[in-house]
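The primary structure of each chain is shown beneath.
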Protein chains: 2
Amino acid sequence: MQLDGRLSRMLHLLIHLDRAEGPMTSEAAAAMLGTNAVVVRRTLAGLREAGIVRSTKGHAGGWTLSRPLDDLRMLDVYKALGEPRIFAIGLADPAPQCLVEQAVNASMSEALHRAERLLVEQLSTITLGDIAADFDRRLRGHLEGRAEHA
Amino acid sequence: MQLDGRLSRMLHLLIHLDRAEGPMTSEAAAAMLGTNAVVVRRTLAGLREAGIVRSTKGHAGGWTLSRPLDDLRMLDVYKALGEPRIFAIGLADPAPQCLVEQAVNASMSEALHRAERLLVEQLSTITLGDIAADFDRRLRGHLEGRAEHA
DNA sequence: AATCATGAAACATCGAGAGTTACGTTACTG
DNA sequence: CAGTAACGTAACTCTCGATGTTTCATGATT
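First, a word on what this report is: a plain description of the structure on this page.

A count of helical and extended segments in chain A gives 6 helices and 2 strands. The C-alpha radius of gyration computed for chain A amounts to 20 Å, which surpasses the reference 15 Å derived for 150 residues by more than 25%, pointing to a less compact arrangement than a globule. Projected onto the principal axes, the alpha-carbon positions of chain A cover approximately 65 × 45 × 30 Å. Burial analysis of chain A (150 residues in total) assigns 47% to the buried set. Here the contacts in chain A between residues at least 6 apart in sequence split such that 59% fall between residues at least 24 apart. Counting only carbon and sulfur atoms, one obtains 49% of the accessible surface of chain A, whose full area is about 7800 Å². On chain A, the mean spot of the 18 positive side-chain charges and the mean spot of the 19 negative ones are 5 Å from each other.

And the structure:
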């Protein structure tokens with residue numbers, strides 16, 4: 001994976017955590033995400049500090065959601081991950097002497113910032129509850145599709 | 001530089017090409033951009049295929065702009081670069097079996113695509129002529145600033 | 001005491017842009 | 001026509017951050 005898939009993975013995992021009964025181990029989460037348990041712990045660490053999940057050690061331990069999905073916006077998760085870099089493209093030199101490059105930077109920054117604001121606005125609008133509701137719709141559609149074939 | 005600075009660099013360079021008299025060598029361009037001549041050639045190759053610049057070999061050779069800046073939109077340059085990846089974040093799995101992940105992907109793709117559309121729209125609105133005009137304003141301001149100190 | 005789980009450090013892997021070296025080709029110059 | 005200046009290109013290396021892996025320590029349950 002050449003992209004930063006942490007936000008995507010965490011959204012996926014958090015909804016499963018909500019659906020799960022009792023704590024989910026890093027091992028189980030890793031199997032679900034197709035990755036390694038240490039990667040899961042590392043990534044969830046930020047969410048724990050942000051109060052999104054709780055972890056318990058020992059027997060029957062693991063990860064638990066500490067808020068309802070409706071109180072969780074995609075933006076909260078993004079911030080809990082440390083607000084990773086959004087864009088793969090950027091300025092060659094953020095503080096150039098050359099006035100030409102300064103003008104280029106002004107145009108590019110403006111465009112990038114606007115796109116970033118739109119993205120952040122959307123992340124703040126959509127809750128994990130919304131995504132879970134979409135999942136439920138997909139699940140019903142999926143089951144109906146199977147029923148028709150029966 | 002951890003970001004893709006090609007668009008930024010090419011915008012910068014193209015305006016200098018417009019201002020320059022006669023062809024500019026890759027070596028001179030590299031010095032201006034703080035990089036290597038081979039990097040310049042490699043990057044400009046795409047712009048040449050897109051008809052944005054021309055290259056001539058031999059004595060007094062180098063790179064020349066083949067269109068006026070007002071006919072060049074930032075988007076043209078972006079496309080000539082092969083439309084590089086815009087976002088550093090993305091989906092962990094673009095075609096998952098899991099319906100939860102499908103729902104997550106739907107939300108994230110939607111948000112990312114909207115942000116991308118806004119960015120592309122802006123890149124298509126701004127011409128290199130606009131940026132050059134902004135440079136001219138900055139230059140006047142710069143000279144006035146120096147004059148006041150004199 | 002044994003086991004199961006997280007916490008965390010240390011290191012390897014990977015991909016893409018960037019940088020570098022080297023050599024071939026083309027075109028001008030004297 | 002030899003020399004030189006420039007692009008064209010292949011084939012590397014370097015870098016950086018996310019990802020993956022190994023290992024050991026710590027804490028909680030049985």
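Next, the rest of the story.
Taken together, 29 residues surround DNA strand D, and among them Arg6, Thr35 and Arg42 of chain A together with Ser26 and Arg48 of chain B come closest. Backbone atoms, meaning sugar plus phosphate, form 63% of the atoms of DNA strand D positioned within 4 Å of the protein. At a separation of 3.2 Å, a phosphate oxygen of DNA strand D approaches a polar side-chain atom of Trp63 of chain B. Breaking the surface near DNA strand D down by element, the ones donating at least two residues are α1 (6-19) and α3 (37-49) of chain A together with α3 (37-49), β1 (53-56) and β2 (62-65) of chain B. In terms of residue count, the dominant contributor to the surface near DNA strand D is α3 of chain B (4 residues). Among the residues forming the surface near DNA strand D, the class breakdown is 7 nonpolar, 13 polar and 9 charged.

This part covers the interface of chain B and chain A. Taken residue by residue, the interface counts 47 residues in chain B and 47 residues in chain A. Of the roughly 4400 Å² buried where chain B meets chain A, counting both sides, 73% is carbon and sulfur surface. At the surface where chain B touches chain A, the tally comes to 0 salt bridges. There are 14 residue pairs in polar contact (both at pLDDT 80 or more) connecting chain B and chain A. For the side of chain B that touches chain A, the secondary-structure elements that each account for two or more residues are α1 (6-19), α5 (99-125) and α6 (128-149) of chain B.

So, about the pattern of salt bridges. Residues and elements named next belong to chain A. On inspection of all chains with the given rule, the structure shows 16 salt bridges over all chains. For Asp134, the salt bridge goes to Arg137, with nearest N and O atoms at 3.6 Å. A residue pair is termed a helical-turn pair when its members lie 3 or 4 positions apart in one helix, as Asp134 and Arg137 do in helix α6 (residues 128-149) at 3 residues. Given a relative accessible area of 15%, Asp134 falls into the buried group.

The calculated volume of the largest pocket comes to roughly 260 Å³. In this structure, the largest pocket is lined by 16 residues; those nearest its centre are Phe87, Ile89, Gly90 and Leu112 of chain A together with Leu3 of chain B. When residues of the lining of the largest pocket are assigned to their parent elements, the largest contribution, 4 residues, is made by helix α5 (residues 99-125) of chain A. Residue classes in the lining of the largest pocket are distributed as 10 nonpolar, 4 polar and 2 charged.

Attention now moves to helix α2 (residues 26-33) of chain B. Residue and element names in this part refer to chain B. Regarding α2, the residues found buried are Ser26, Ala29, Ala30 and Leu33. Along the long axis of α2, the arc covered by the buried residues comes to 100°, so they all point the same way. Along α2, the residues that are exposed and aim more than 90 degrees away from the buried face are Glu27 and Ala31. Those residues of α2 that are buried are in contact with α1, α3 and β2. Just beyond α2, the residue with positive phi is Gly34, at close to 70°.

On to the packing of α1 of chain B against α6 of chain B. In a packed pair of helices, the relevant descriptors are the angle between the two axes and the axis-to-axis distance. Residues and elements named next belong to chain B. Where α1 meets α6, the axes come as close as 10 Å, and the angle between the chain directions of the two elements is 75°. On the basis of the axis angle, α1 is roughly perpendicular to α6. Contacts between α1 and α6 pair Leu11, Leu14, Ile15 and Arg19 from the former with Leu128, Ile131, Ala132, Phe135 and Asp136 from the latter. Among the residues making up the contact of α1 with α6, the classes are represented as 7 nonpolar, no polar and 2 charged.

Rotating chain B by 180° about the axis while translating it 0.0 Å along that axis superimposes it on chain A, leaving an RMSD of 0.0 Å. Taken together, these values place the two copies in the relation of a two-fold axis. Mapped onto chain A, 100% of the interface residues of chain B are again interface residues, and the two copies thus contact each other with one and the same surface.

Rules of the game
Residues numbered from 1 in each chain as written. Chains lettered and ligands numbered in written order. Predicted model: local features only at pLDDT ≥ 70, side-chain atom pairs only at ≥ 80, totals over all residues. Heavy atoms only, no water. Helix = DSSP H or I, 4+ residues; strand = E, 2+ residues; numbered from the N terminus. Rg over C-alpha atoms; globule rule 2.2 N^0.38 Å. Buried < 20%, exposed > 50% of the residue type's maximum accessible area, 1.4 Å probe, protein only. Contact = heavy atoms within 4.5 Å. Areas by Shrake-Rupley, 256 points an atom, 1.4 Å probe, with all protein chains shown as cover. Lys, Arg positive; Asp, Glu negative; His and termini not counted. Charge placed at Lys NZ, Arg CZ, Asp CG, Glu CD. Near = heavy atom within 4 Å. Polar contact = N/O pair within 3.5 Å; in protein donor to acceptor, adjacent residues only side chain to side chain. Nonpolar A, V, L, I, M, F, W, Y, C, P; charged D, E, K, R; others polar. Buried area = accessible area lost by both parts, 1.4 Å probe. Salt bridge = Lys/Arg side-chain N within 4 Å of Asp/Glu carboxyl O. 1 Å grid on protein atoms, 1.4 Å probe; cavity = no way out; pocket = protein on both sides within 12 Å on 5 of 7 lines; lining within 4 Å. Points joined across faces, edges and corners; volume = space filled by probe spheres on them. Arc of directions from axis to C-beta. Axes fitted to C-alpha atoms, helices over the stretch in contact; angles between N-to-C directions. Parallel < 35°, antiparallel > 145°, perpendicular 65-115°, else oblique. Least-squares fit on C-alpha atoms with pLDDT ≥ 70 in both.

Purely geometric stuff here, so don't read any function into it on its own.
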